[in-house]
Amino acid sequence: MQLKHEIANMIEKIEHIEVSQRKLLGQDLGSCTNEELQELDDQLERSLRSIRARKSQLFNEQIGQLKEKERLLLEENARLCIKCGQKPWQQSTQRKEAVNNCSQSGQSSDIETELFIGLPEMRAA
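The text that follows walks through the structure, step by step, so that each part is easy to find. The model shown is predicted, which means the values in this text are computed figures rather than measured ones.

**Some words on a nonpolar patch on the surface**
Residues L3, I7 and I11 make up a contiguous nonpolar surface patch of roughly 290 Å² in combined accessible area. Here I7 lies in helix α1 (residues 2-24).

This is the structure in structure tokens:
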């Protein structure tokens, strides 16, 4: 007898959950009262706020990770420049200049593009 009562309660709860789910999905709203519709609206608004907050949190975490990755790559670039005997990039000015140069297509540059074969002394002649 106890088991039959528990089964009946579980079936009733499942039906109630299914009805709530259909209403949240926008189905079977014709039988809802104004108060039920307002409650659904409030519940959906709370859910949207929660989803948007989580999305914002994930974006902020991703931005932090990308900034850290950028910092590590800049450090590695500086080490490699030193290893190759070049001057490391200065983050603030040279990087902005490089970005500006890349974005300004069609303008001439002062880069020497001629190919010389032989020892460096022969180039001056």
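Don't stop here, the text continues.
**Digging into α1**
For α1, built from 23 residues, the straight-helix expectation of 33 Å at 1.5 Å per residue is met to within 8% by its first-to-last C-alpha distance of 33 Å. Just downstream of α1 lies G26, where phi reads positive at about 90°.

**Digging into a negative patch on the surface**
A cluster of acidic side chains, namely E39, D41, D42 and E45, defines a negative patch on the protein surface. For E39, a relative accessible area of 55% puts it in the exposed group.

**Focus: the pattern of salt bridges**
For the coordinates displayed, the defined rule picks out four salt bridges. Between R71 and E68 there is a salt bridge whose closest N-O contact spans 2.4 Å. A residue pair is termed a helical-turn pair when its members lie 3 or 4 positions apart in one helix, as R71 and E68 do in helix α2 (residues 34-83) at three residues. The exposure class of R71 is partly exposed, given its relative accessible area of 38%.

**Considerations on the side chain of K23**
Here K23 shows up in helix α1. We classify K23 as buried; its relative accessible area is 19%. What K23 contacts, discounting residues up to four positions off in sequence, is D28, L29, C32, E36 and L40.

Definitions and cut-offs
- Residues numbered from 1 in each chain as written.
- Predicted model: local features only at pLDDT ≥ 70, side-chain atom pairs only at ≥ 80, totals over all residues.
- Heavy atoms only, no water.
- Patch = residues over 30% accessible without salt bridge, like charges linked within 9 Å, V, L, I, M, F, W, Y side chains within 5 Å.
- Areas by Shrake-Rupley, 256 points an atom, 1.4 Å probe, with all protein chains shown as cover.
- Salt bridge = Lys/Arg side-chain N within 4 Å of Asp/Glu carboxyl O.
- Helix = DSSP H or I, 4+ residues; strand = E, 2+ residues; numbered from the N terminus.
- Expected span 1.5 Å × (residues − 1).
- Lys, Arg positive; Asp, Glu negative; His and termini not counted.
- Charge placed at Lys NZ, Arg CZ, Asp CG, Glu CD.
- Buried < 20%, exposed > 50% of the residue type's maximum accessible area, 1.4 Å probe, protein only.
- Contact = heavy atoms within 4.5 Å.

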